[in-house]
Amino acid sequence: MTAIPNLTPAYAEMFLAIAGMALLMVGVFRKSDPIRGVTMLAILAFAVAAVLSISTNGAETVTFNGLFVVNAFTGFAKLLILLGAGLAMLLALPWARNEGVSRYELPVIMVFAVLGMMMMVSANNLLSLYVGLELQSLALYVLAAFNRGNLKATEAGVKYFVLGALASGLLLYGSSLVYGFSGTTSFAGLADALTGAESNAGVIVGIVFVICGFAFKVSAVPFHMWTPDVYEGAPTPVTAFFSVAPKIASLCLFLRILVGPFEDLMDQWRQVLTVICVASMLWGAVAAIAQNNIKRLMAYSSIGHVGYALIGLIAGTQEGARGMIYYMLIYLFMNVGTFAVILSMRVKDRYVESIDDLSGISKTNPAIALALTALMFSMAGIPPLAGFFGKYFVFAAAVNAGLIPLAVIGVLSSVIGAYYYLRLIKIMYFDGSVENFDRPDYSTSLVMGVCALSVVVFIFLPEPLLAGADAAAAALFQG
Amino acid sequence: MEAAAIFLPLVGAFIAGFFGRQIGDRASQVVTCLGVGSAAVLSIPLFFDVAVNGNERVVTIMNWINSGTFETAWALRFDTLSAVMVMTVTCVSSLIHVYSVGYMSHDDSKPRFMAYLSLFTFAMLMLVTADNLVQLFFGWEGVGVVSYLLIGFWFKKPTANAAAIKAFVVNRVGDFGFLLGIFGIYMLFDAVTFDTVFNAVPAHVDDTVTFFGIKGHALTLIALLLFVGAMGKSAQLLLHTWLPDAMEGPTPVSALIHAATMVTAGVFLVARMSPLFEYAPAALEVVTIVGASTAFFAATIGCVQNDIKRVIAYSTCSQLGYMFFACGIGAYPAAIFHLMTHAWFKALLFLGSGSVIHAMSNEQDMRKMGGIWKHVKVTYAMMWIGTLALVAVPPFAGYYSKDMILEAAFGAHTSVGQYAFIMGIGAALLTAFYSGRLLFMTFHGEPRADKETMDHVHESPLVMTLPLAGLALGAIFSGMIGYDLFIGEGRFDFWRDALAVVGEDPIEAAHHVPAWVVWSPMVVTVLGLGLSFHMYMRRPEIPGQLAAKFPGVYQFLLNKWYFDELYDFFFVRPAFWIGNFFWKRGDQGTIDRFGPDGISSSIISGARRLGSVQTGYLYHYAFAMIIGIALFVSWIVVGS
């Protein structure tokens, strides 16, 4: 009974855990400029974790007494998380120095958050899921308030913490209901218990609670209220991190549990998710129109994007899962790139966040304007940019799954949403110039360039990139 | 050779039109004149070969549309009719090209003007050599477009733009009829190629069509629709209003397009389709009545107009009426003969008036002219030649053609023929009167222009007077030379089957009319000229007294029978009203208001409202979450 479990599948997580603690030591003992070294080492650690994750990325393997699982899907999800976190970290370094908060804890906490997400994604039991989720959440609460001298940042941290605790409570309560009515917390056990059985009201209520808990994490309506405030208050690179890594992790886990153990209750959870999805798409499209702060705008934008990604989940098919993974992949580049642009909005050594500050930058900063133009066109879903394909795949999956009304609402709301994306372009190119931006930092420009370029050239190289996504989706449905 | 005669003008137009700026004014003028000139030179042997020697042919250039049973090709059809037209068009056009070099010497966009002229010539040639109705329509619309462009050539003048639009719109009305006619022909014959259609006509004589429950004779309907197109293009009564306004264009344009060639396209169309019209006697009666009425009506207006070009424009309208009623009574050869002679002398009159306008420093009002004949002797002589040809004094060209038309009308011995004869004689009287009036007011009497203008009166340069001389030759001799071939003993060998006549030959009948019929045109011409001499030379106060005595009649004529006002009231204003209604109330007030504008404004207000939900209070957010989960749970539990 005390035999050491098979550790091979968890090498990446174990490495990150050790690396996180080691980085803490490095930060403590390194005297000069610790944040730079720690950041670089953290990125290196992410790279190593990615390699480890890929190397263990074979057939489905379960370990730790069935608490932990790896397969092609979890492997791909982890790669996305690591990529998003690495890019966000590249953005965080110059920000921390410019703002005078160059404390090395920032990268360390991000490493622990990523560790939590990876554990979440690989969870094969409601309990290990919760542990991973909480590790992630705790790290994120701290990150939100990282700039603790800033009133808005602390407010954001508190809000996120309180509401996050509420959501965790919902999730935990739901898990306990499921356990109480089915007698197991293991995904495999749940799948067995629920297959072919009479649908049990207790289990269903439990699932609704779990769904609502996740909806909070992915910021879907009506559990999204924290998003604009936290996005605006949190430091911008942290917001960039928030907008991609935890969302990808939560959506992937969402997908895993709904089409895994709870597949037989699809009729029930589909109803709830459809409402959440439609509300998110429309709310994200409409509410963003009135925003003037670009970070708040991005908050609503991300609410809308989650809605679109959920379409793939609601379809509940392999094609839908693949569409959702595509969507998250493309969303990652679009979002990180846009936040890189936001971090380039510096006037006289001060970060600015108003949309009007973009006025006329096509003349003063043509490169930034061009990058943001590509990103915004992509967000609006204009072919041949990446965003179009993201939307196309989920809508196609919905249509093939017979969910035509959902696809139609998606198209309509993306038309509405196009308004504010295009408005940014109009402001940049047709309005008078106000101020000249400072020269952006090297790593920020790098992230911006890479993301904008990926969005533009996506059409030319989808195959190698998406082969992994295909394999991941296939792994989910092979059972 | 055939293709060269047709396409050289297009080449000239292309070069001058697209590269005029690079190659300069002079080169543009040379290249266009050369293109049309060579076409004219080629057209003469072609005419002899085709018409005199009888080598009719169809030169196919390429396939155009092949779709199911529908086949059309780009082909040049050369029979006597088209050979006559090609020769007339290219010869008159080349003279007018040369004239334009002098007339437009002070204009800024000479290459554009020359390119348009050449393009027009090409389109007109396409029209007359067409082998099928679709290609004919191509040429038809081509000349329409260039006519529009040239009327509005001085696009900075609002009146020129208005006239161009008017010409285009009125022609659209006619073209719509023409198109329906083509559709009808395709429906009935399953073909649009002339030979196929004409061969099939006798088989469809008794066909009927039912439209909204009304049964009609198919061929009559088609012929009437085609005639609507002809009325538009040839400015016949009801669709004539655009032609006088078209005088806003430069004078060479008026001469070439709105006198000599394009406006005769309608006559050409009826002649071309004569094998079909001959089986639609009712339609022919309509053609006769409309033509005869136009001849008289336009002549009455011509008597009181003061703008020298407008007088000639109404004269053109009137002469076209002669041609139409000639067609209507079946005297197609006489119609085409008159078309040909008219092209020469009417172009001469227009260019002569252009020369006068040039001399008078762009003055067009005859009331401000007078007494200039000593200064512009060549122009004066040319105008006399043109006038004598117009009023049909022997041996000038008009005498041969116009008298034949009148005799044929009388010889037809039908009630519409009699009507046409009476109207024609009346119009001849008026023609002589207004022509004399034009000459006397312009050249004789006391100078009414101011001294400065009078000091500047000068003869036009050689580049303008030489083409006048060329046209004068045509105005003098074309009738004499062509008489035998067109309408004399040689007409059967000349026309062969280019023009169809079913039943009695009206030309033959025309040769056997009583002597008084033969003499009456001569008498009224002398009468008319004498009257005008009396009124404008010997007793110049009479016209004013007449106008004062009969103000109603005078105003009625001066305002062109109030056609423009009637159309404005019945068509233009209702159309504007309907358009405004649909635009303001329909589109802006309803569709936009509840459609795009309404949706976008409700989304914006929705965005504000959603934004106000975002209060920033933690308990509101938690409340939303709890409410959300409560709703979901109750829905699921109640639902399942």
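Residues numbered from 1 in each chain as written. Chains lettered and ligands numbered in written order. Predicted model: local features only at pLDDT ≥ 70, side-chain atom pairs only at ≥ 80, totals over all residues. Heavy atoms only, no water.

Enquirer: What is the right way to look at the overall build of chain A in this model?
Expert: For chain A, the helix and strand inventory stands at 19 helices and 4 strands. Expressed as a percentage of the 479 residues in chain A, the buried residues total 63%. Restricting to contacts in chain A with at least 6 residues of sequence separation, those with at least 24 account for 82%. For chain A, the exposed area adds up to about 16,500 Å²; of that, 66% sits on carbon and sulfur atoms. (Helix = DSSP H or I, 4+ residues; strand = E, 2+ residues; numbered from the N terminus. Buried < 20%, exposed > 50% of the residue type's maximum accessible area, 1.4 Å probe, protein only. Contact = heavy atoms within 4.5 Å. Areas by Shrake-Rupley, 256 points an atom, 1.4 Å probe, with all protein chains shown as cover.)

Enquirer: Sorry if this is basic, but what is going on with the confidence of the model for chain B here?
Expert: A low pLDDT score tells you not to read the predicted coordinates there in detail. Residues and elements named next belong to chain B. Confidence in the prediction of chain B, expressed as mean pLDDT, is 86, and 100% of residues score 70 or more. At the level of individual helices and strands, chain B shows its lowest average pLDDT in helix H18 (residues 451-456), which scores 78, and its highest in helix H10 (residues 265-272), which scores 91. For this predicted complex, the interface confidence comes out at an ipTM of 0.88, alongside a pTM of 0.65. (pLDDT = per-residue confidence, 0-100.)

Enquirer: Explain the nonpolar core to me, please; I cannot follow it from the model alone.
Expert: Nonpolar side chains tend to gather and get buried jointly when the protein is soluble and globular. In terms of nonpolar packing, the biggest core is built from 207 residues, with Leu16(A), Phe241(A), Phe242(A), Leu273(A), Leu310(A) and Leu358(A) touching the most fellow members. Looking at this core, the element that brings in the most residues is helix H13 (residues 318-344) of chain A, giving 18 residues. When neighbours within four sequence positions are excluded, Leu310(A) is seen to be in contact with Ala220(A), Leu251(A), Phe254(A), Leu273(A), Ile276(A) and Cys277(A). Judged by nonpolar contacts, the second largest core, of 206 residues, contains Cys327(B), Met404(B), Met464(B) and Met535(B). (Core = buried A, V, L, I, M, F, W, Y, C linked by side-chain atoms within 4.5 Å.)

Enquirer: Teacher, can you tell me more about helix H1 (residues 2-52) of chain B here?
Expert: Along an α-helix, a turn takes 3.6 residues, which lines up residues three or four apart on a common side. Residues and elements named next belong to chain B. Look at H1: only 16 Å from first C-alpha to last across 51 residues, short of the 75 Å you get at 1.5 Å a residue. The largest bend along H1 measures about 125° and falls at Gly24. Immediately beyond the C-terminal end of H1, within one or two residues, lies Gly54, with a positive phi of roughly 80°. (Expected span 1.5 Å × (residues − 1). Bend = angle between axes of the 7 residues up to and from the residue.)

Enquirer: Teacher, can you tell me more about the layout of surface pockets here?
Expert: Residue and element names in this part refer to chain B. For the largest pocket, the calculated volume is near 700 Å³. Lining the largest pocket are 28 residues, and of these Cys303, Arg437, Met535, Tyr536 and Pro543 lie nearest its centre. Contributing elements (two or more residues each) for the lining of the largest pocket: helix H17 (415-443), helix H22 (515-538), helix H23 (542-549) and helix H24 (551-558). When residues in the lining of the largest pocket are grouped by element, the largest group, 6 residues, is from H17. A breakdown of the residues in the lining of the largest pocket according to their chemical character gives 19 nonpolar, 5 polar and 4 charged. (1 Å grid on protein atoms, 1.4 Å probe; cavity = no way out; pocket = protein on both sides within 12 Å on 5 of 7 lines; lining within 4 Å. Points joined across faces, edges and corners; volume = space filled by probe spheres on them. Nonpolar A, V, L, I, M, F, W, Y, C, P; charged D, E, K, R; others polar.)

Enquirer: How should I be thinking about the pairing of strand E1 (residues 57-67) of chain B in this particular structure?
Expert: The side chains of a regular strand alternate, first on one face of the sheet and then on the other. Bridge count for E1(B) against strand E2 (residues 70-78) of chain B is 9 bridges, and the pairing is antiparallel. The partner of Val59(B) across the bridge, within E2(B), is Leu76(B). (Pairing = 2+ DSSP bridges.)

Enquirer: Mind showing me how you'd approach the packing of aromatic side chains here?
Expert: Centre-to-centre distance and the angle between the planes together describe a pair of aromatic rings. The full count for this structure, using the stated rule, is 57 aromatic pairs over all chains. With a centroid separation of 5.6 Å and an interplanar angle of 65°, the aromatic rings of Phe440(B) and Phe533(B) are classed as edge-to-face. With Phe440(B) in helix H17 and Phe533(B) in helix H22, this residue pair connects regions lying 93 residues apart in the sequence. Of the residues examined, Phe440(B) reaches a relative accessible area of 8% and is grouped as buried. Judged by its relative accessible area of 37%, Phe533(B) falls in the partly exposed class. One residue, Arg103(A), lies across the ring of Phe146(A), its end atom 5.2 Å from the ring centre. We note Arg346(A) situated over the ring of Tyr351(A); from NZ or CZ to the ring centre the distance is 4.7 Å. (Phe/Tyr/Trp six-rings, centres within 6.5 Å; stacked < 30°, edge-to-face > 60°. Lys NZ or Arg CZ within 6 Å of the ring centre and 35° of its normal.)

Enquirer: What should I look at first to understand the interface of chain A and chain B in this one?
Expert: By a frequent convention, interface size equals the accessible area lost on bringing the separate parts together. Tallying the contact residues gives 33 residues for chain A and 23 residues for chain B. Interface area lost by chain A to chain B is led by Leu163(A), Met225(A) and Trp283(A), which between them contribute 21%. There are 0 salt bridges connecting chain A and chain B. Taken together, chain A and chain B are joined by 4 residue pairs in polar contact (both at pLDDT 80 or more). Secondary structure elements with two or more residues in the side of chain A that touches chain B: helix H6 (151-182), helix H8 (201-217), helix H9 (226-233), helix H11 (266-287) and helix H12 (294-315) of chain A. Of all the elements, H11(A) adds the most residues to the side of chain A that touches chain B, at 8 residues. (Buried area = accessible area lost by both parts, 1.4 Å probe. Salt bridge = Lys/Arg side-chain N within 4 Å of Asp/Glu carboxyl O. Polar contact = N/O pair within 3.5 Å; in protein donor to acceptor, adjacent residues only side chain to side chain.)

Enquirer: Got a minute to help me understand unusual backbone geometry in this structure?
Expert: Keep in mind that most residues, glycine aside, have a negative phi and that most peptide bonds are trans. All names here are of chain A. With an omega of 5°, the peptide bond between Val221 and Pro222 qualifies as cis. Relative to the helices and strands, Pro222 resides in the loop between H8 and H9. Phi angles above zero are rare outside glycine, and Asn65 is one such case at about 55°. Relative to the assigned elements, Asn65 resides in the loop between strand E1 (61-63) and strand E2 (68-70).

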